[in-house]
Amino acid sequence: QVQLVESGGGLVQAGGSLRLSCAASGRLFHINGMGWYRQAPGKQRELVATITSGGSTNYADAVKGRFTISRNNAKNTVYLQMNSLKAEDTAVYYCNAEVSLTMSLRTLYEFWGQGTQVTVSS
């Protein structure tokens, strides 16, 4: 069983910063991609940023230039540094990981964390 646990959410003023962390644990062999998604009340879950095991990144247009995704492969942890936060960034942020459970690397499984609330006041 693989579990992802997010931390670092909270209440922040517009223009401020937060740093989210997500640690993966359990019986896994390798984590390929990791990412952050968010969901505001009444809206669909949307991609925020992703990062491959090699460090290649992808960002939603809405957060480019403000958010930075990074990871520590040794710790199976992904981070999201959020700067210049806006009210529209308010959402529950979910961690995602694409995981291989065996050394064959032939099959990848997707796991999700429980989410951490980010609230930005204007």
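Another point: the sheet that holds strand β7 (residues 67-72). Across the sheet, four strands lie side by side as β1-β3-β8-β7; this open sheet has antiparallel pairing. Two strands close off the open sheet at either side, each with one partner strand: β1 (2-7) and β7. When the angles between neighbouring strand axes are averaged without regard to direction, this sheet yields 15 degrees.

Moving on to the nonpolar core. Within the largest apolar cluster, 32 residues are counted, with the highest numbers of intra-cluster contacts made by Trp36, Leu80, Met82 and Tyr93. For this core, the element with the highest residue contribution is strand β9 (residues 91-100), accounting for five residues. Residues within four places of Leu80 in sequence aside, it is in contact with Leu18, Arg19, Leu20, Trp36, Val48, Ala49, Phe67, Thr68, Ile69 and Tyr93.

Glancing now at the state of the cysteines. Across all of its chains, the model carries one disulfide by this definition. Shown here is the disulfide that connects Cys22 with Cys95, its sulfur atoms set 2.0 Å apart. The sign of the S-S torsion, about -85 degrees, decides the handedness of the disulfide formed by Cys22 and Cys95: left-handed. Of this pair, Cys22 sits in strand β3 (residues 18-26) while Cys95 sits in strand β9, placing them 73 residues apart in sequence. Here Cys22 and Cys95 have matching classes, each one buried.

Turning our attention to the pattern of salt bridges. Evaluation of the coordinates by the stated rule reveals four salt bridges. Note that Asp89 and Arg38 form a salt bridge whose closest N and O atoms lie 2.9 Å from each other. With Asp89 in the loop between β8 (77-82) and β9 and Arg38 in strand β4 (residues 30-39), the pair connects residues that are 51 residues apart, well separated along the chain. A residue is classified by how much of its surface remains accessible, and Arg38, at 7% relative accessible area, is buried. In this structure, Asp89 and Arg66 form a salt bridge, with 2.8 Å as the shortest nitrogen-oxygen distance. Separated by 23 residues along the polypeptide, Asp89 in the loop between β8 and β9 and Arg66 in the loop between β6 (57-59) and β7 bring together distant segments of the chain.

Conventions and cut-offs
Throughout this description, residue numbers start from 1 for each chain and increase along the sequence as written. In view of the model being predicted, local features appear only for residues whose pLDDT reaches at least 70, and side-chain atom pairs are presented and counted only at 80 or more, with totals across whole chains, interfaces and linings using the full set of residues. As a convention, hydrogens and water are excluded, and side-chain values are obtained from all of the structure's heavy atoms. When DSSP locates at least two bridges between a pair of strands, those strands are taken to pair. Helix and strand assignments come from DSSP, with helices taken as H or I runs of at least 4 residues and strands as E runs of at least 2, each series counted from the N terminus. With axes taken as lines fitted to C-alpha atoms, and helix axes fitted only over the stretch in contact, angles between N-to-C directions fall between 0 and 180 degrees. Within this scheme, the nonpolar core is defined by two criteria: the residues are buried Ala, Val, Leu, Ile, Met, Phe, Trp, Tyr or Cys, and they are joined through side-chain atoms within 4.5 Å. When a residue's accessible area, from a 1.4 Å probe over protein chains only, is under 20% of the maximum for its type it is buried; when over 50% it is exposed; and in between it is partly exposed. The contact criterion used is simple: two residues touch if any of their non-hydrogen atoms lie within 4.5 Å. Here, a disulfide means two cysteine sulfur atoms that sit within 2.5 Å of each other. Definition used for salt bridges: Asp or Glu carboxyl oxygen within 4 Å of a side-chain nitrogen of Lys or Arg.

Any functional reading would require information beyond the geometric quantities listed.
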